[in-house]
Structures are given as C-alpha cells and as structure tokens.
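As a plain string of letters, each chain reads:
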Amino acid sequence: EELKDAVVDYLLRECRGDDNQANGGRGAVYLMGESFGGILATEVALELNRPTYEDYVELRGLVLVNPATSYLRSRMYEVAPPIAAARPILPALSGVQYAVSLAAQLVPLFLDQGRAIQQLIAILSSKGLPSVVNGPEREAYMGRVAFDLPNRLKFMPQDTLKWRLEEWLEWGCGVFEDRVEMLQSARDSSNEDDALGDVETYALLKVSQELRTVVVVGELDQTLPSVEEAERLASEVFRNAVVHVVPGAGHASTCGGSLNLVGLLREVFAEINTYGRIKNGDNDGMGSDWMGGEPMEELHGLEPRYDGASIGLNPFLYWSKDYYQKWRER
C-alpha cells in the first residue's frame, strides 16, 4: 500500500504540473512494471481509475514485463523462501551458507542459457548493440551505466530477502488473485448497474475491459511461468491485451538487447509516434522489422552498430560535454 501510494502521489504531482495545467488537460500516463513491479503497476492502474483522479490523470496504457502475478505458482516460490528462512549450520559461517545457497539455487533461475553473455561479447567486440542504442549519445549513456554497476549492485541480506518475498511477492500476489476473483464476480453479476456502482468494482471493470495492456515475457524465464501467465492475463484479466514473447530471454534479460521496447510500444500505442522524435537516425531506434523479422543469428538478437564502425565509442568520451550534462537541482 505504501509503495502504491508513493507512486500515485508522484504521478499526481507530475500530472498537476504547469505544463499539463497550461494545456487545460490531464496528464497522459503509461505505466510499466517488471516482475514485482508488474503487481505494483496493476494496483496503481486500479487506483488511477477511481473517479477521484479522473480530472488529473489519463491512464493510456499498461506494460507488464514478466509480471510476478504468477509467483505463487513459480519455481522461485519453491526455492527462495527456504533459502531466506534457513538457519545457519554454523553461526560463524551464516553469511557463507546464505551466499552459496543464492549462487547455487536462486541465481540460476534468472539466467538465460548464456544469451546475455553472448550479447555482452558482441557489444564489447563492437559487432552489435541493442536496437535502442542508435547514436553516440545513447552509447555513451550505456557506457556510463556499465562503469557504475559495481556501485549499484549490492548484496541483499537474508532478512531483506525474506521480507521482500513475504511482504512484496507473496502478499502482492495474494492481493492480485483477490482482484481476479472480484473481477470474475462482477462479470458474472446479474445486475451490472449495481456492480458499476461500487467504486472498486468500477475501476476493476474499466481496467480489465478498456485499458490497453502489453504483456512482455521471456521465452526461457525459469523464475516465473511467464509465458503461461501471459496467456492467462490476456484471456482472463485484460480484454484489450497484446502478448509479446522475447525469444531466448530469461527473467533478467527480457528487457535486454533482444527486445526493441521502443518499437513495441510505438506499435501498440500509436499516439506515442506523435511525441518528441529522436534526432539521430530516421527510425527512432525502432529498427526496420522489430517484431516480425528474425534477429541476426551471429549477434544473438542485437543489431549492427549504428555507425558501422569496427571499434566502439572511446570511453573517455562518455563524460564529454557532447554526451553528458551533470544534473543540477534548481
């Protein structure tokens, strides 16, 4: 509830900003959530469809990437809680026991049979790039993020893992299943007017029947049964849904180089094409055949470099004034 409220408050602040008020309209919002974020995004979508927010927010689309709405039926649900709850055989080696359990049992669920490693090699050898990296500015940004990864990747303590599994995934999944039951009851109700009269039911029906939804899943997701869940969501929950399966992708790499997310969203949400365009190149990072074509086998789903160069952008240029501007608070 706290996370949902925080997201809603943020969106309200943005949608009540000067730009939207000057245009005399509501702020257009597209929500995207990955894994547990998929559960959170559905809750935020329901909240934003209450009459309270209709004067400020126009929710135009929902994107769910490997949503954890299937957590209770997943391999992760079988493996992770025992690791989080395990007591150390020797107290002095508790950290070692936990780390070994993570590496041996949990981490493999997030992998994708080496595809990410193959893509990394292709990037480092300057043979290919993710489709969205279609200019030096974006290549510089990708490089800065890569250099900063050691500062961002932190080891999750055992108590934190246990709390997140219980309070985020298990609880959130239970809430989602309750919503599905309520939705089915509302659909089966003999008196539709009474069902629509209830604010929560009204929001459920509106999201289910009207909200454009994209469900993106990795073909080889071992963490969650994502392909199966996408089929369930599209057939039982979201009536206006598009399902896109990313070939060869695991749970952690679905939004990686194999997926041209920009192209996918512009195909589903056509109005996005009228917004600001990318200066460098004429395809806006979409590629020529983002969904229907076969990826180049030797690049493992990546695309050839935008400049055809045999060597990538010099790392010393990642922070140059041409490609980087430090953020300063007003």
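Quick note: structure is the one above.
An account of the accompanying structure is given in this report. Everything quoted here is computed from the prediction, not taken from an experiment.

## Focus: the overall build of the chain
- Broken down by element type, the chain carries 12 helices and 6 strands.
- Across the 330 residues in the chain, those meeting the buried criterion constitute 40%.
- Contacts in the chain between residues at least 24 apart in sequence constitute 78% of all its contacts with a sequence separation of at least 6.
- Counting every atom, the chain has about 19100 Å² of accessible surface; 53% of that belongs to carbon and sulfur.

## Considerations on the packing of aromatic side chains
- Taken as a whole and judged by the stated rule, the model has 7 aromatic pairs.
- Ring plane angle 55° and centroid distance 5.8 Å describe the contact between Phe147 and Trp319, whose orientation is recorded as tilted. Of the two residues, Phe147 sits in helix 7 (residues 136–152) while Trp319 sits in the segment after strand 6 (303–304), which places them 172 residues apart along the sequence.
- Grouped by ring-pair contacts, the aromatic residues Phe36, Trp163 and Trp168 constitute a single cluster.

## Considerations on empty space enclosed by the protein
- Per the stated rule, a full pass over the model turns up 1 cavity of 30 Å³ or more.
- Together, 14 residues line the largest cavity, and Leu46, Phe176, Leu204, Val237 and Phe238 are the ones closest to its centre.
- Of all the secondary-structure elements, those providing two or more residues to the lining of the largest cavity are helix 3 (36–48), helix 8 (158–188) and helix 10 (199–210).
- The residue inventory of the lining of the largest cavity, partitioned by class, reads 10 nonpolar, 2 polar and 2 charged.

## With respect to the side chain of Thr42
- Assignment of secondary structure puts Thr42 in helix 3.
- Taking the relative accessible area as the measure of exposure, Thr42 reaches 7% and is therefore buried.
- If we skip the residues at most four places from it in the chain, Thr42 touches Leu62, Leu64, Phe176 and Phe238.

## Some remarks on unusual backbone geometry
- Its identity is not glycine, yet Asn66 carries a phi of approximately 45°, on the positive side.
- Overall, the relative accessible area of 0% leaves Asn66 in the buried class.
- In this structure, Ser126 is a non-glycine residue whose phi angle is positive, near 65°.
- Within the element layout of this structure, Ser126 appears in the loop between helix 6 (115–124) and strand 3 (128–129).

## Describing the pairing of strand 2 (residues 57–65)
- Among the 9 residues that make up strand 2, 7 are buried, leaving the element largely enclosed by the rest of the structure.
- Here strand 1 (residues 27–34) pairs with strand 2 via 8 bridges, running parallel. Directly across from Gly27, in strand 2, lies its bridge partner Val57.
- In terms of handedness, the path from strand 1 via helix 3 over to strand 2 forms a crossover that is right-handed.

## Points about the environment of Val63
- One can find Val63 in strand 2.
- The exposure class assigned to Val63 is buried, which follows from its relative accessible area of 2%.
- A sequence separation of 202 residues divides Val63 from Leu265, and the C-alpha atoms of the two residues are 8.7 Å apart.
- Setting aside anything within four residues of it in sequence, one finds Val63 in contact with Leu31, Met32, Gly33, Val214, Leu265 and Phe269.

## Digging into the pattern of salt bridges
- Inspection of every chain in the model, using the stated rule, returns 15 salt bridges.
- Here Lys162 makes a salt bridge to Glu166, at a shortest N to O gap of 2.9 Å. Here Glu166 and Lys162 lie together in helix 8, a separation of 4 residues that amounts to about one turn.
- Since its relative accessible area comes to 35%, Glu166 is described here as partly exposed.
- Where Arg305 meets Asp307, a salt bridge forms, and the shortest distance between an N and an O atom there is 3.0 Å.
- Taking the relative accessible area as the measure of exposure, Arg305 reaches 7% and is therefore buried.
- Since its relative accessible area comes to 41%, Asp307 is described here as partly exposed.
- Among the ionic contacts, a cluster of salt bridges with common partners joins Glu1, Lys4, Glu43, Glu47, Arg50, Arg179 and Glu200.

Thresholds, definitions, all that
Residues numbered from 1 in each chain as written. Predicted model: local features only at pLDDT ≥ 70, side-chain atom pairs only at ≥ 80, totals over all residues. Heavy atoms only, no water. Helix = DSSP H or I, 4+ residues; strand = E, 2+ residues; numbered from the N terminus. Buried < 20%, exposed > 50% of the residue type's maximum accessible area, 1.4 Å probe, protein only. Contact = heavy atoms within 4.5 Å. Areas by Shrake-Rupley, 256 points an atom, 1.4 Å probe, with all protein chains shown as cover. Phe/Tyr/Trp six-rings, centres within 6.5 Å; stacked < 30°, edge-to-face > 60°. 1 Å grid on protein atoms, 1.4 Å probe; cavity = no way out; pocket = protein on both sides within 12 Å on 5 of 7 lines; lining within 4 Å. Points joined across faces, edges and corners; volume = space filled by probe spheres on them. Nonpolar A, V, L, I, M, F, W, Y, C, P; charged D, E, K, R; others polar. Pairing = 2+ DSSP bridges. Right-handed = clockwise from strand over helix to strand, strands pointing away. Salt bridge = Lys/Arg side-chain N within 4 Å of Asp/Glu carboxyl O.

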